[in-house]
Each structure stands twice: as structure tokens, then as C-alpha cells.
Amino acid sequence: SRTDQIQKTIKYEAEKFIPALPVESMIIDYYIVEQKGEKTRVIVTAVQREKIEEALQLCRRAGFEARALDCDAACLANTFIASLEDTGLQEHTACIALDISERLTRLALVEDGRLRRIRSFMVSVDGAGKLEQAVSKLAREVRRTEASSSLQAPVSAIYVGGPACGAALTDALHDKLGVRVRSLDVEKIISGLTPEEAVQVRNAGACALGAALKGLG
């Protein structure tokens, strides 16, 4: 089957993009993005085995067993797709979610309700005078992602969230890119929350919520 063929070849194909580390030391997984005829496009994730074992040991020390592990950018994508389900987006609409922390930004690109790209990159927004520099790099990475993704239509909106995201950054990013920039309100995904529960979900963040959503199926 096509799935069997992907599983047989994915490790060797991924090796081309991981030149610094032996592929045998990595846990490699994939997500099917698109299938056209005999061709299949996938997103490949790779994590060092020792990092996986460190995470599992942390879970065991905390007294519980991990059912699954996922990368943070993929969890952001889970939350983002869930948040877009009731927006009535037109076909082929492309949107980007950014989860911005003080030093690391996670990006998920979705088109027509389906995940197309996930990325993580370093952006420092802590400290005075860093906003303009951070916005310039965020805008550059958004444009780079859009240009390399063969989208059917330009990105129409960007949703931003995370502990380092504020109104000043959101406004500056809108001015820099010239597209709608909205808040990624993760607490609105779950109906019936009390005000206290909504604060807890917001503080947990989009990546944590995305991991929980995947666990729930």
C-alpha cells in the first residue's frame, strides 16, 4: 500500500535533510499533507531518541504514563484547525498561526482547513528595543513560508498568540505584512468554560491545548 511504501522510504528520504546527525539516532514520523495521483506530500518530524527518553523519564517521575508524544508546532496546528472550524472560511483560504514565546516562535500554515506546513524558529522579543527587530524577522519567516508552500491563494489572515504576544506586536505585524492579524483565542474553542477555566486554558497555551485535543481524538 502507499502507506507501507512511505514507511519504508521516509527514513532514507529524511536523511537528506538531517545532515548533522545519524538518522539511526532519530525518531522519525510523518503527516500526510496532500495526495495527487501517485504523488504524496508529507511533513516529516525528527527528534533525537535521547530527547524522547528524557521526556518519558520525566513523565514516569511525575507518576503517569505517556500515551503519545507530539512536537509543539504540530500541537499548535491541532488547536488552530479546531479554532477555524466555525469561521466559515472560503475554499482555498490560507491562514497562519503564530505561537510566540520570548525566544521561540512556532508556526502552522493551514489551507482549506488542512495543515500544509509547520515550523519553529528563534525570535527574541524579550528586552527593550527588540520589538521592531522581532516583527521584521517574523514577517520575513511568514513570507518565506508562504512563498515555499505552493498555495492556491495568498495568506489572508494571521492568528497570533503566546506569552510574548501583545497588542503592540500584533499591530506592528499587521503594518509590516498588510494582512489581517487576529488574536488566537484558544479558550473560545471549548464551550461552557467558567471564567476561571477560561483563564487556565489561556495560560496553558495553544500547544498544550492541541496536545489535549489530539489525545481526545
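Reading the values: rules and limits
Residues numbered from 1 in each chain as written. Predicted model: local features only at pLDDT ≥ 70, side-chain atom pairs only at ≥ 80, totals over all residues. Heavy atoms only, no water. Phe/Tyr/Trp six-rings, centres within 6.5 Å; stacked < 30°, edge-to-face > 60°. Helix = DSSP H or I, 4+ residues; strand = E, 2+ residues; numbered from the N terminus. Buried < 20%, exposed > 50% of the residue type's maximum accessible area, 1.4 Å probe, protein only. Axes fitted to C-alpha atoms, helices over the stretch in contact; angles between N-to-C directions. Parallel < 35°, antiparallel > 145°, perpendicular 65-115°, else oblique. Left-handed = near helix turned anticlockwise from the far one by under 90°. Contact = heavy atoms within 4.5 Å. Nonpolar A, V, L, I, M, F, W, Y, C, P; charged D, E, K, R; others polar. Pairing = 2+ DSSP bridges. Polar contact = N/O pair within 3.5 Å; in protein donor to acceptor, adjacent residues only side chain to side chain.

A.B. asks: Can you help me understand the packing of aromatic side chains in this one?
C.D. replies: Geometrically, a pair of aromatic rings is defined through the distance of the ring centres and the angle of the planes. Taken as a whole and judged by the stated rule, the model has one aromatic pair. A ring pair is formed by phenylalanine 80 and tyrosine 159, whose centres lie 5.4 Å apart and whose planes are at 55 degrees; its orientation type is tilted. Within this pair, whereas phenylalanine 80 is found in helix H3 (residues 72-84), its partner tyrosine 159 is found in strand E6 (residues 155-161), the two being separated by 79 residues in sequence. For phenylalanine 80, a relative accessible area of 0% puts it in the buried group. Note on tyrosine 159: relative accessible area 8%, which makes it buried.

A.B. asks: Explain the packing of helix H4 (residues 131-147) against helix H5 (residues 167-177) to me, please; I cannot follow it from the model alone.
C.D. replies: Working note: a packed helix pair is described by the angle between its axes plus the distance between those axes. It is at 9 Å that the axes of H4 and H5 come closest, and there the two elements cross at 50 degrees. Compared by their axis directions, H4 and H5 come out oblique. The way H4 lies across H5 gives a crossing that is right-handed. Here Leu131, Val135, Ser136, Leu138, Ala139, Val142 and Arg143 of H4 lie close against H5, whose contacting residues are Ala168, Leu169, Ala172, Leu173, Lys176 and Leu177. Residues belonging to the contact of H4 with H5 are distributed by class as follows: 10 nonpolar, one polar and two charged.

A.B. asks: How do you make sense of the sheet that holds strand E4 (residues 104-111) when you look at a structure like this?
C.D. replies: Hydrogen bonds between backbone groups are what pair the strands of a sheet, and the pairing can be parallel or antiparallel. Taken together, five strands build an open sheet; the order of strands is E5-E4-E3-E6-E7 and the sheet is mixed. Single-partner strands in this sheet number two, and they are strand E5 (114-122) and strand E7 (180-183). Taken over all neighbouring pairs, the strand axes of this sheet differ in orientation by 20 degrees on average, direction set aside. Relative to E7, E6 is paired through four bridges, and the arrangement is parallel. In the sheet register, tyrosine 159 faces E7, and the bridge partner there is arginine 182. Sitting on the sheet, H3 is in contact with strand E3 (94-100), E4, E5 and E6, with an inclination near 45 degrees to E4. Contacts from H5 reach E3, E6 and E7 within the one sheet, and its direction differs from that of E7 by about 160 degrees.

A.B. asks: Can you walk me through the side chain of arginine 119 in this structure?
C.D. replies: Along the polypeptide, arginine 119 turns up in strand E5. Using a relative accessible area of 18% as the deciding quantity, one classes arginine 119 as buried. For arginine 119, the side chain forms a polar contact with the side chain of glutamate 141, separated by 2.6 Å. A distance of 2.8 Å separates polar atoms of two side chains, one belonging to arginine 119 and the other to threonine 145. Setting aside residues no more than four positions away along its own chain, arginine 119 makes contact with Ala73, Thr105, Arg106, Leu107, Glu141 and Thr145.

A.B. asks: Looking at this model, I keep getting lost on unusual backbone geometry. Mind explaining?
C.D. replies: Glycine aside, negative phi is the norm for most residues, and most peptide bonds take the trans geometry. Backbone geometry at aspartate 112 places phi at a positive 55 degrees, although glycine is not the residue there. Positionally, aspartate 112 belongs in the loop between E4 and E5. The backbone of serine 150 sits at a positive phi, close to 50 degrees, despite the residue not being glycine. When you line up the elements, serine 150 lands in the loop between H4 and E6. Exposure remark for serine 150: the relative accessible area of 58% places this residue in the exposed category.

A.B. asks: What is the right way to look at the environment of valine 110 in this model?
C.D. replies: Mapped onto the fold, valine 110 is located in strand E4. A relative accessible area of 2% places valine 110 in the buried class. Here the alpha-carbon distance between valine 110 and alanine 94, two residues 16 residues apart in the chain, equals 5.7 Å. Every residue in contact with valine 110, bar those within four places of it in the chain, is listed here: Phe80, Ile81, Leu84, Thr93, Ala94, Cys95, Leu115 and Arg116.

Purely geometric numbers; function is a separate question.
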